[in-house]
Each structure stands twice: as structure tokens, then as C-alpha cells.
Amino acid sequence: MTDAVTNPLLAPPSLPYDLPPYGSIAVEHYLPAFHEAFARQRDEIDAITAQTEPATFENTLVALERSGELLGRVSRAFYTVTGADGTPEIQAVEERLAPLMSAHRDAIQLDALLFARIAAVHDQLDELGLDAESRYLVERHHREMSLAGAGLDDAQKQRLTDLNQRLSVLTTTFEKNLLADTNDLAVVFDTSAELDGLSDGELSAAAQAATTRGLDGRYVVSLTLYTGHPYLASLTNRESRRRLLEASRSRAARGNAHDNRAVLRDIVRLRAERAALLGYPSHAAAVLADQTAGSPDAVHDLLRRLAAPAAANARSEQAELQRIADADGIRIEPYDWAFYTEKVRAERYDLDRAALRPWFEAERVLRDGVFFAAEQLYGITIAERHDLQGYHPDVRVFEVHNADGSELGLFLLDLYTRDTKRGGAWMNSIVTQSALRGTAPVVVNNLNVNKPAPGTPTLLTLDEVTTLFHEFGHALHGLFATVTYPHFAGTAVYRDFVEFPSQVNEMWILWPEILSHYARHIGTGEPLPADVVERLHASEAFNQGFATSEYLAASWIDQAWHGLTVDEASTDIDVAAFEAAALADIGLDNPAVPTRYASTYFAHVFSGGYSAGYYSYIWSEVLDADTVEWFRENGGLTRENGDRFRQRLLGVGGSGDPLAAYRDFRGRDAEIQPLLERRGLAG
């Protein structure tokens, strides 16, 4: 049976903030719940299109927004788990579900009767007297359905549906292959001597990971999502560094059952074919037509503008590294870069970033750093709810209240890595806010911090501290967005705008009042010494040639794949040769600076939502850097500034043009100069 008595996903929400009852949900509950949810929304859409009355905003757009409530609830509960605790059983459900979800989505997006009613409302938009959000809702639904293919003929729609279903399977396969090969390639070390340079906590985490795999007495280092690894900066054993980086770079490209090369070629080909069907020369052109960038040319112009100075800076940095490496009789290889970078950093700034970890104990960073900054800026309060449980024992649940004591939502934190969690860090919504539905937000942050042995404190790197602040910026966006319609909830904004709020939240990491509050030594309680803070500020642009180059290289590879026409994508492309040619084209083909993601493990674009959109981080950073300047010019960490940023930007969600919201906040368009200065590219 699939009724509410036997399936908790079908029962009316009973927990605070409609948090899913994860403790009662079994794997076998998901598919029946999806089938029921599909059927309900189909009935709801049919009721809209079967009406004989003329289309109005209420009987068409509002009815559409009310539809699919169960499906949204079930899908957000499920896809939260697939990313964070993707057991083989969950993966099997996801594989079966992928084409079903794609077909259901297409059935709505390509519904000719529904599109006709929306078009009818759109045609009389100026006469309806709608408020700004309602008007924007009509415009967005009309544009999104147009871009999705609602205007195609029946044969074309069938082909489009077939393409979308096949792509849904392929992207799921890509993610599954990557997770499996990442786990298989975790590097096993026999002795602690091979890991010389790691802290006691890092060794403890490696030993714990080995024990979890039944390898007592040995050490396992799991791979990160991106090409590099934090340990490369510390490991004194060059062979250990080599093994770690080469394992990372070989993921899903080893000719085994988890090889993603054929998968990604098929994805690229089918995306190009879909774009052509929709009237675009490439997938990138189709995607960017509905982003703030507007076109591939705009993205290419920015990337090329930044690539040349970034590559030049990287070559200068490499020469400095080589100067020190000469004393060791070695030539700098990619796996040496981070290690010798720290030597140069220590020489130039007398700064050892690895030695900072005792000041970055995870709980203190969370409560006295991340939470404290948000409390000071926005007046919110955050308290843990031990009576509520998430989807895994490691997940913690916090309740968030506004300054006036009113309820705002729930925040879930899933800090630690595990074999069933995909790599990287991310935020997603489990419940979205909507005045129409009367729902409040429930958001989750996922990180992949190595979990030490029980009783051992979790000490973060500065990069992990940055990630925690960054992801909580996404969480604040999801919590603060206050909209009427579900379509605009939370972070449902243009892809090349969504990283902006999260990047802005990173500014508080070294802000004096915040840093002094959370950066306390785990043993003595002493604050991070003032001279160390000064050196951190002085070194902010250090190694930015490498960091910018590796990022731009990945962005360009994304654009290169998704800029192919159908004919170009239909050839038998050698993946490695294609990447090499693309990097040479933009001048980022330095062998010592590998791309941040190679194609076979580029989950952002081949299984995530960033296809043709990885440029979004640098595009959003233009806004971010300009916003940081505004805060500095206007008094920094004040409630007045926080309220302005919340009301005029974060609170808008997707309910309006994001660049118009930015102009409303800033008083003008963003300027690029602060970004160029931040990344050392202004010269």
C-alpha cells in the first residue's frame, strides 16, 4: 500500500517546520511516494487545462503554483539524501527515478494547453494590475516554458522528451561512477611516516578512515572533489604527494567500469542536439540565454580578460617555487605546488597556515564565528534542537529566530565526509518558504571535513573555515528569501547570481570583531595573535595566480564542451586531447597548474546544475567584491547594513531581476575593479 498510514512521506507534515520524518522513512517508501506525487500533480495540471473559463492569473498561474506540493516535499527529502548519504539502495532508487522525473517535468513544461493559458495571461499582462512579484511570475513561467520547448510541434516535443530522459540517466550514471571511483581511489598508506607533516588530528582521521574500511593499523586519505587536496601543502614525503594527486586526477578515466569518458561524450552530444532542437547553436547558448550573462560571448570576454594576467601571475609564482625547490634538487611538478607554496609563504610572510588549525576548532568556528556574524549582522538567534533528527546521525538541527523572536526556519549541518556522500560542499533546501503555501524554510549545509577519532576535536584548515562561512551564506539566502510563490523560493535565482550571497558571507572570516570571537587556541583559549592576523591580510593575494588559473581553466573547459555544435559533438572526441586544446586556446596550459576539475570528475557540469555555468563563481565575484567595498565604506558589521542587505537582496529570492535588486542595494551597477585588485590582476 502507498497510503499515509504505511508511508510517512504521504502523511501530512507533523514535525516542526514540516521537517521530513527521516527516522520513519525507509528506502522502499520513496518510489511509491513519487508515483503518488506524480499522479496528484498531473491531476492538478489537468484541472487547470480542462477549464472552460478564460485564463486568468488566479485560475492558471496561482493554480500552477499550488500544484505539485507533495512532489516538491518528497523530492526535496529524497534528493537531500542522494547527495549526502547515497547508499547503494538509494542510488538504485535514483537510477529508476531519473527518467520518471524527467518525463513528468517535460509533461508539464511541454503541455500545449497549459502554455496557451499562460500565454493568454502574458498577452494581457499590462492590463491586469498585478503586483511586481505576480507580474514577474507570469513573465518567468512564459519564458521558461518557451525556452523548454513548449512551442515545438508534437514530434519535436517527443524527441525532446526522449533526450531529456536519456540525459537524466546519463547524469545520474556520471555521479554514481564518480562516487564509486573516488572511494576506490582513496589512498592507503602503511605507515605514519608516509604521512609526515600531517597534524595529530589529520593522522587520527586517516587512521579512523582505515579502521572504517577494515584496515586497522593503516591510514586512508580520501580524495576531495576538486583536483588538489589540502594535505598536499603539508606532506613532506614527495612520493605520498604524487600518489595522492595522481589518484585524484585519474578518477573515472581508468578504463574500468566507472570510466566517465563515454558518459560525458554522450551528455555533451545530447545536450547539443537538444539545444539545436530548441533553436540554439550550442548548449551554452541555450543556457546563457536565460542567465544574467546573456550569451557565451559575454562569458568568454570575461574569462579571456582574466586568463592572461592570471597565467602570467602563475608563471611568476612558479619561478619563486622553483627557486626554493632547486635547493632540494627537484623540478616543480603539480603535486609539489602546494607544498612549496607554503615554503614561499613562510619565507615571505613568516606564515604557516597549517599551524593555524588549533585556533579553528570546528564547534567554536560554527557558534562563535559563522553563527555569531549572522547574529550581529541580522539580529537572528540560532539554537540547536536536539529533539529533531536529520537523515543521518551526524546531522545536527538548529532553529533560527528573527530579531523580534518570530520563527524563521531550520538549519541543518552535515559536516563530515563519508563514503556515501558526494564530494565538495553545498547547500540545499528541504522545505522552501512560500506565503501562498504557508511554509517556512528548512535548509542544509553539507561539507566534507575528515572526522577524527571519538574524543578528538575537529580542527579546521583556513580553507575549511572559508567553506563553512561560504555555505552558510547560501543558507542565509535560503532562510531570508521571503516570497509569495514557491517558484521564487530561497536560492531559486539565476545560476550566475546564486554564488553572490555566499561569497559575500566570506568577508566576515577575518573581520576583527568576528575573528577575535572565534579564533581561540584549543588549548589555551588565547586569540589568534595580532601579528599573524596582519600577515594573513598581507598574504590575501598570495598564490592567486595559481588559484585563478586553475578555476578559469575549469570554467573554460566547461564552455568548450558546451559550446560544441551537434556536428562537432557527434565526432569521437578524445577527452584528454580536447581538454589540452581548450586550455592552449586560452593560454592556461601550464603543466604545473592543473585545471581545478578535469572532465571525468567535473560533477558541477556533468551531473550538477552548472553545465555551461561554472563561470558563475567569478561572474558573481564581481558583485561580491563590489559589495565588500560597500560594507567597508558604510561601517561594516552593523545591523543597519545587514538589514539593508537582507531586505534588498537576500529577501528578494527569485522574485525579481537580481541585477535590479543589486542596483537597488548598491545604488549603481557593480564595478569590476575590486575583483581585479582582490585577485592581483589589476596591474
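Note: the structure precedes this text.
A brief structural summary. The structure displayed is predicted, hence computed values, not measured ones. (Residues numbered from 1 in each chain as written. Predicted model: local features only at pLDDT ≥ 70, side-chain atom pairs only at ≥ 80, totals over all residues. Heavy atoms only, no water.)

To continue, consider helix α12 (residues 296-325). When the terminal C-alpha atoms of α12 are compared, their 41 Å separation across 30 residues agrees well with the 44 Å that a helix rising 1.5 Å per residue should span. Along α12, the sharpest kink reaches roughly 30 degrees, centred on Ala307 and followed within four residues by the proline Pro309. (Helix = DSSP H or I, 4+ residues; strand = E, 2+ residues; numbered from the N terminus. Expected span 1.5 Å × (residues − 1). Bend = angle between axes of the 7 residues up to and from the residue.)

The subject of this paragraph is the environment of Leu288. Secondary-structure assignment places Leu288 in helix α11 (residues 283-288). What makes Leu288 buried here is its relative accessible area of 0%. Separated by 178 residues in the primary sequence, Leu288 and Leu110 place their C-alpha atoms 20 Å from one another. Apart from the residues within four sequence positions on either side, Leu288 is in contact with Ala293, Gly294, Ser295, Pro296, Val299, Gln559, Ala612 and Tyr615. (Buried < 20%, exposed > 50% of the residue type's maximum accessible area, 1.4 Å probe, protein only. Contact = heavy atoms within 4.5 Å.)

Here we take up the pattern of salt bridges. Applying the stated criterion across every chain yields a total of 50 salt bridges. The closest approach of N and O atoms between Arg678 and Glu621, which form a salt bridge, is 3.1 Å. Separated by 57 residues along the polypeptide, Arg678 in helix α26 (residues 673-678) and Glu621 in helix α23 (residues 616-633) bring together distant segments of the chain. Take Arg678: its relative accessible area is 30%, and that puts it in the partly exposed class. Here Arg663 makes a salt bridge to Asp669, at a shortest N to O gap of 2.9 Å. Overlapping salt bridges bring together Asp85, Asp394, Asp414, Arg418, Lys421 and Lys451 as one network. (Salt bridge = Lys/Arg side-chain N within 4 Å of Asp/Glu carboxyl O.)

A few words now on the environment of Arg357. Along the polypeptide, Arg357 turns up in the loop between α13 (337-349) and α14 (362-378). On a C-alpha basis, the gap between Arg357 and Ala519 in space is 9.4 Å, while along the polypeptide they are 162 residues apart. In contact with Arg357, not counting residues within four places along its chain, are Ser199, Glu202, Leu459, Leu460, Thr461 and Glu464.

Turning our attention to the sheet that holds strand β4 (residues 396-401). Strands sit in the order β3-β4-β5-β7-β6 across an open sheet of five strands; the sheet is mixed. Of all the strands in the sheet, just β3 (381-384) and β6 (426-431) have a single pairing partner and so form its edges. Here the strands of the sheet are splayed against their neighbours by 25 degrees on average, with no regard to which way each runs. Contacting β3, β4, β5 (407-416), β6 and β7 (442-449), helix α15 (residues 462-480) crosses the sheet at an angle of about 170 degrees to β7. (Pairing = 2+ DSSP bridges. Axes fitted to C-alpha atoms, helices over the stretch in contact; angles between N-to-C directions.)

Glancing now at the side chain of Asp181. Residue placement: Asp181 occurs in helix α7 (residues 154-184). A polar atom in the side chain of Asp181 sits 3.2 Å from the side chain of Asn256. Dropping the residues within four chain positions of it, Asp181 is found in contact with Ser250, Arg251, Ala252, Ala253, Arg254, Asn256 and His258. (Polar contact = N/O pair within 3.5 Å; in protein donor to acceptor, adjacent residues only side chain to side chain.)

Residues Phe360, Phe469, Trp508, Tyr518 and Trp561 are the most contacted members of the largest nonpolar core, which totals 164 residues. A per-element tally of this core places α12 first, with 11 residues. Filtering out sequence-adjacent residues up to four positions away, Tyr518 remains in contact with Trp359, Phe360, Arg364, Val365, Asp368, Gly369, Val465, Phe469 and Ile509. Counting 34 residues, the second largest nonpolar core, distinct from the first, contains Phe34, Val74, Val81 and Val444. (Core = buried A, V, L, I, M, F, W, Y, C linked by side-chain atoms within 4.5 Å.)

With that settled, consider helix α18 (residues 530-538). Along α18, the residues classified as buried are Val532, Val533, Arg535 and Leu536. Buried residues of α18, seen end-on, are gathered within an arc of 160 degrees and therefore sit on one face of the element. Turned more than 90 degrees away from the buried face of α18 sit Ala530 and Glu534, all of them exposed. The inward-facing, buried residues of α18 contact α13, α15 and α17 (512-518). (Arc of directions from axis to C-beta.)

Between helix α19 (residues 544-562) and helix α21 (residues 575-586), the shortest axis-to-axis distance is 9 Å and the interhelical angle comes to 115 degrees. Considering the angle they form, α19 stands roughly perpendicular to α21. Between α19 and α21 lies a crossing whose hand is right-handed. Across from Ala553, Trp556, Ile557, Ala560 and Trp561 in α19, the residues of α21 making contact are Val575, Phe578, Glu579, Ala582, Leu583, Asp585 and Ile586. (Parallel < 35°, antiparallel > 145°, perpendicular 65-115°, else oblique. Left-handed = near helix turned anticlockwise from the far one by under 90°.)

A few words now on the pairing of β5. Burial runs high along β5: nine of the 10 residues are buried. The sheet contact formed by β4 and β5 spans six bridges and is antiparallel. Opposite His401, over in β5, you have Glu407 as the bridge partner. Here β4 hands over to β5 after five residues, with Gly405 in that stretch at a positive phi of 90 degrees.

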